[in-house]
Structure formats: structure tokens, C-alpha cells
Amino acid sequence: MTSTQAEIDRSHLGTLSVLAWIGDPSDGHDIPYLLAYTLGDGPEGPEAGETAARGLLEEIGLPIGDVVMDGTRNPRTFAVQIVLMAGNQVTLTLPGLNATCTAPDEWVAAANESGQVYFLFATRAWPEAVPGRPVTAEVLQGFAGDEEVLTSSAHCVLAVQTLQV
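Residues numbered from 1 in each chain as written. Predicted model: local features only at pLDDT ≥ 70, side-chain atom pairs only at ≥ 80, totals over all residues. Heavy atoms only, no water.

Quick notes on the overall build of the protein
- Each helix and strand counted, the protein has four helices and eight strands in total.
- Start at the N end of the protein and walk to the C end: the helices and strands fall as β-β-α-β-β-β-β-α-β-α-α-β.
- Each of the three principal axes of the protein carries a C-alpha extent, and together these read 55 × 35 × 30 Å.
- For the protein, contacts bridging at least 24 residues in sequence account for 68% of all contacts bridging at least 6.
- Summed over all atoms, the accessible surface of the protein reaches about 8,900 Å², with 51% contributed by carbon and sulfur.
- Across the protein, the 6 positively charged side chains and the 21 negatively charged ones have centroids separated by 7 Å. (Helix = DSSP H or I, 4+ residues; strand = E, 2+ residues; numbered from the N terminus. Contact = heavy atoms within 4.5 Å. Areas by Shrake-Rupley, 256 points an atom, 1.4 Å probe, with all protein chains shown as cover. Lys, Arg positive; Asp, Glu negative; His and termini not counted. Charge placed at Lys NZ, Arg CZ, Asp CG, Glu CD.)

Looking at the environment of Leu-97
- With respect to the helices, strands and loops of the structure, Leu-97 is situated in strand β6 (residues 97-102).
- Leu-97 gets classed as buried once you look at its relative accessible area, which sits at 16%.
- When neighbours within four sequence positions are excluded, Leu-97 is seen to be in contact with Arg-10, Leu-13, Leu-16, Leu-56 and Leu-92. (Buried < 20%, exposed > 50% of the residue type's maximum accessible area, 1.4 Å probe, protein only.)

With respect to the side chain of Asn-88
- With respect to the helices and strands, Asn-88 occurs in the loop between β4 (81-84) and β5 (89-94).
- There is a polar contact of 2.6 Å between the side chain of Asn-88 and the side chain of Asp-105.
- Setting aside residues up to four positions removed in sequence, Asn-88 forms contacts with Cys-101, Thr-102, Ala-103, Pro-104, Asp-105 and Val-108. (Polar contact = N/O pair within 3.5 Å; in protein donor to acceptor, adjacent residues only side chain to side chain.)

Some words on the state of the cysteines
- One pass over the structure, following the stated rule, counts zero disulfides.
- Its sulfur unpaired, Cys-101 is 15 Å from the next cysteine sulfur, which belongs to Cys-156.
- Residue Cys-101 is classed as buried on the basis of its relative accessible area, which comes to 8%. (Disulfide = S-S within 2.5 Å.)

A short note on the nonpolar core
- Ranked by size, the top nonpolar core spans 33 residues in total, and within it Leu-34, Val-80, Leu-92, Trp-107, Phe-119 and Phe-121 carry the most contacts.
- The greatest single-element share of this core, amounting to five residues, is contributed by helix α1 (residues 46-60).
- Non-local contacts of Leu-92, meaning those with residues more than four positions away in its chain, are made with Val-18, Leu-34, Ala-36, Val-80, Gln-81, Ile-82, Leu-97, Asn-98, Ala-99 and Phe-119. (Core = buried A, V, L, I, M, F, W, Y, C linked by side-chain atoms within 4.5 Å.)

Structural notes on the packing of aromatic side chains
- Under the counting rule described, the total for this entry stands at four aromatic pairs.
- For the ring pair Trp-21 and Tyr-33, a centre distance of 5.0 Å and an interplane angle of 15 degrees mean the geometry is stacked. One end of the pair, Trp-21, is in strand β1 (residues 16-22); the other, Tyr-33, is in strand β2 (residues 32-38), with 12 residues separating them in the sequence. For the pair formed by Trp-21 and Tyr-33, the shared burial category is buried.
- Relative to Trp-126, the ring of Tyr-37 has its centre 5.0 Å away and its plane inclined at 65 degrees; by these criteria the two rings are edge-to-face. (Phe/Tyr/Trp six-rings, centres within 6.5 Å; stacked < 30°, edge-to-face > 60°.)

Focus on the pattern of salt bridges
- The tally for this structure, following the rule as stated, stands at five salt bridges.
- The shortest N-O distance in the salt bridge between Arg-73 and Asp-70 comes to 3.5 Å.
- Since its relative accessible area comes to 35%, Asp-70 is described here as partly exposed.
- Each of Arg-124, Asp-146 and Glu-148 takes part in salt bridges that share partners, so that together they form one network. (Salt bridge = Lys/Arg side-chain N within 4 Å of Asp/Glu carboxyl O.)

Some details on the pairing of β1
- The element β1 is extensively covered by neighbouring structure, given that seven of its seven residues are classed as buried.
- Residues Leu-16, Val-18, Ala-20 and Ile-22 of β1 are buried on one face, and the alternating residues Ser-17, Leu-19 and Trp-21, pointing to the opposite face, are buried as well.
- Across seven bridges, the pairing between β1 and β2 is antiparallel. Note on β2: the bridge partner recorded for Leu-19 is Leu-35. (Pairing = 2+ DSSP bridges.)

Printed below as a string of C-alpha cells:
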């Protein structure tokens, strides 16, 4: 008898947020990054949210760990898409989910120049990074630079698409 994995209950993820940042251009590090994470506020708590995030990533074919997927080859058919819209709005779309954030001007410039973004989807919740509240560079580094966060995240390079009006 063969069993199949049940569909992921996306409500267990809780609030999905995204954060855009860029490295220090004066250090030659002008890569635009986009981080997706949950607040851990799902109905079953942060542990269920992490399980749901892992299941979602598996379902859409994004490996967790040190493999960096290349989503630039077929950006319109890749499971994860980033669209840059007016007013520095960045929309992240995954199957059954989407989230939007406002990116800094330098992020938009770097994304437009390179045509791509380094994307991470963290399976670990980050309840301190509530949308609408500023995140300091130190707090961002503490989370996004944490080895456990990095090794439990999905990584990919995505083509930046722009909304055609």
C-alpha cells in the first residue's frame, strides 16, 4: 500500500512576512536579499509552523539546507516568484501564498541592475520581526546570519519580474 503526504495546512504557518535588504555596497556587497519567515503565531504554535514551513518547501520542491536553487532559468514556471511593483513594493508569490513588503531604494536599484534576488525561506519563526516595525542591522544579522537559521532555510536565486502597466 502506498501513502501520500497530506496537503500542508497553510494556516499553521501563521503570519508570513518578507523583509528586503541589501549588503553594504561600500564593501562590494550589493546583493539584494529577500527573506520570508513566519511570526510563529499560527493556531498550533511555532513548532507546528516550522513543520508546516518544511512541508510547504518540500511540496514546492525547494530543498532545505545548503543547496541554492536557480530560479532564473525559467522564472515564469518556477514555484517562487518575485515581482517588483510601483512604489518599491515587492510581492513574493508561492503556491497558495503571497506576501508583500516595501524595499529600500538601494535594494530596488540593485535588483533592477542585476535582474535577480537571493531568496531565503526560513523555517524557524522570527516573532521579533513584526511587519511595520523597523529591524536594526544587528537584529537582522542575528537572525539571518545564524547558522541554524541558514541551514534550516531554503535558498534560491530568483529573477526579478516587474509589473507591466
